[in-house]
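These are the residues of each chain, in order.
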Amino acid sequence: MKDILEVKDLTKNYRDFCLDHVSFSVPSGSIMGLIGENGAGKTTTIKAILQLIAADEGSITLFGTNYAADEKLIKSRLGVVFDECNFHQYMNAERVSKIMASLHPAWDEALFRQYLQKFNVPENKIVHEMSRGMRVKFSIAAALAHRPQLLILDESTSGLDPVSRDEILEVFLEFIQDEEHAVLVSSHITSDLEKVADYITFIHQGKVALSRSKDELVYNYGVMKCKSSQFAQVAREDMVAYLKKEYGYEILVKNKEKMIAKYKDFTVDSVNLEDIMLFYIRGEVVCGD
């Protein structure tokens, strides 16, 4: 598979924060989940990808080219949804459609209205009258209606009810079915990403803590539990990170089946994405990505 997006050594320095040589890629036909705590650098990364801020170092390649070579082509093939609806509060579907048609030659009004119908968003409602969920769905419908190749969302589904989120996740999966499209979605709701993401990039304190396939993280990683007296028996190379608990230690490991065979007296449990994040944020990291 070719990469629709490649971010390499992306760096942005602020007075109190540094996005430090962030690298990852998004293959066509895939969904990349971008995770991390508040202030980790997810939004800064997305803004740099969209050229809303200028990076200090690094490169961004979209659709095999870069902004300097063909900015107009790149922006025409991007669909973007932020955490707040960016349309004027007194606009309805008809007014948004007219504006978007003037901006995007590939704008498909019928497709826009099809998505609104699918999402149960009334066409005559103005943005101000819409609920939080309706505004998100309205924005996603508009982002998809000019037929982009890459859909980028920054915390867009936060605060939505589970039914609304499931509707949106289904649209993401439909969007990538032809293997020519991709989605980059930043979200705090890691359980949603476990349902649909193919890859996960975890940014912690401005750096990429890990960037791997979701299945590898969820199915291969594990948490090994032991008493304090047993901790010294665990080889450092077998640890990703560890947490000190009242009863002993919890250790994040990359290959739980191998650890089960090697440390027969220890308990090894499965993990989810939230567990992995907590080990990196609150634990002692021994061997990162």
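Please refer to the structure higher up on the page.
This text gives an overview of the structure that appears in the document. This one's a predicted model, so the numbers in the text were calculated from it and none came from an experiment.

Conventions used here
- Residues numbered from 1 in each chain as written.
- Predicted model: local features only at pLDDT ≥ 70, side-chain atom pairs only at ≥ 80, totals over all residues.
- Heavy atoms only, no water.
- Pairing = 2+ DSSP bridges.
- Helix = DSSP H or I, 4+ residues; strand = E, 2+ residues; numbered from the N terminus.
- Axes fitted to C-alpha atoms, helices over the stretch in contact; angles between N-to-C directions.
- Parallel < 35°, antiparallel > 145°, perpendicular 65-115°, else oblique.
- Contact = heavy atoms within 4.5 Å.
- Nonpolar A, V, L, I, M, F, W, Y, C, P; charged D, E, K, R; others polar.
- Expected span 1.5 Å × (residues − 1).
- Buried < 20%, exposed > 50% of the residue type's maximum accessible area, 1.4 Å probe, protein only.
- Core = buried A, V, L, I, M, F, W, Y, C linked by side-chain atoms within 4.5 Å.
- Salt bridge = Lys/Arg side-chain N within 4 Å of Asp/Glu carboxyl O.
- Polar contact = N/O pair within 3.5 Å; in protein donor to acceptor, adjacent residues only side chain to side chain.

**A closer look at the pairing of strand E11 (residues 241-244)**
- Pairing between E11 and strand E12 (residues 248-253): 4 bridges, direction antiparallel. Looking at the pairing, Leu243 lines up with Glu250 of E12.
- Hairpin geometry of E11 and E12 is characterised by an intervening segment of 3 residues between the two adjacent antiparallel strands.
- Both E11 and strand E14 (residues 284-285) contribute to a ladder of 2 bridges, which runs antiparallel. Paired with Ala241 across the two strands is Val285, which belongs to E14.

**Topic: the sheet that holds strand E2 (residues 18-27)**
- Pairing is antiparallel across the open sheet formed by 3 strands, whose spatial order is E2-E1-E4. Strands with a single pairing partner mark the edges of an open sheet, and in this sheet they are E2 and strand E4 (57-62). Direction aside, the axes of adjacent strands within the sheet are offset by 10° on average.
- In this structure, strand E1 (residues 3-13) lies alongside E4, joined through 5 bridges in antiparallel fashion. Paired with Leu5 across the bridge in E4 is Leu62.

**A short note on the packing of helix H5 (residues 132-144) against helix H6 (residues 162-175)**
- Following both chains from N to C, one finds H5 and H6 inclined at 10°, their axes separated by 11 Å at the closest point. Taken together, the axis directions place H5 and H6 in an arrangement best described as roughly parallel. For the pair formed by H5 and H6, the contact residues are Val136, Lys137, Ile140 and Leu144 on the first element and Ser164, Glu167, Ile168, Val171 and Phe175 on the second.
- In terms of residue class, the contact of H5 with H6 is built from 6 nonpolar, 1 polar and 2 charged.

**A word on H5**
- Compared with an ideal rise of 1.5 Å per residue, which puts 13 residues at 18 Å, H5 spans 19 Å between its outermost C-alpha atoms and is within 8% of the ideal.
- Extensive coverage of H5 is indicated by the burial of 10 of its 13 residues.
- Where H5 is buried, its residues contact strand E5 (78-81), helix H3 (93-103), helix H4 (109-118), strand E6 (150-154) and H6.

**Structural notes on the nonpolar core**
- The biggest cluster of nonpolar side chains holds 57 residues, and the ones touching the most others in it are Phe112 and Phe138.
- Ranked by residues supplied to this core, first place goes to H5 with 7 residues.

**A word on the pattern of salt bridges**
- Overall, the coordinates contain 15 salt bridges when judged by the stated rule.
- Among the ionic pairs, Lys75 bridges to Glu71, the shortest N-O distance being 2.8 Å. Here Glu71 and Lys75 lie together in helix H2 (residues 67-76), a separation of 4 residues that amounts to about one turn.
- You can call Lys75 partly exposed: its relative accessible area is 36%.
- A salt bridge links Asp108 to Arg147, with the nearest nitrogen and oxygen atoms 2.8 Å apart. Of this pair, Asp108 sits in the loop between H3 and H4 while Arg147 sits in the loop between H5 and E6, and the two are 39 residues apart along the sequence.
- Each member of the salt-bridge network shares a partner with another, and the members are Glu109, Arg113 and Glu123.

**Notes on the side chain of Arg212**
- Relative to the assigned elements, Arg212 resides in strand E9 (residues 207-213).
- Accessibility expressed as a relative area gives 18% for Arg212, which makes it buried.
- Only 2.9 Å separates the side chain of Arg212 from the side chain of Glu216, close enough to count as a polar contact.

**Points about the environment of Met239**
- Tracing the sequence through the fold places Met239 in the loop between strand E10 (222-227) and E11.
- A C-alpha to C-alpha distance of 8.3 Å links Met239 and Val285, two positions 46 residues apart in sequence.
- Excluding residues that lie within four positions of it along the chain, Met239 makes contacts with Phe231, Val234, Ile251, Leu252, Val286 and Cys287.

**Considering the sheet that holds E9**
- Pairing is mixed in the open sheet, where 6 strands are placed in the order E5-E6-E7-E3-E8-E9. Unpaired on one side and paired on the other, E5 and E9 mark the two borders of the sheet. Between one strand axis and the next, the sheet turns through 15° on average, direction left out of account.
- Pairing between strand E3 (residues 31-35) and strand E7 (residues 182-186): 4 bridges, direction parallel. Counterpart to Met32 in the pairing with E7 is Leu184.
- Running over the sheet, H5 touches E5 and E6 and is turned about 170° from E5.

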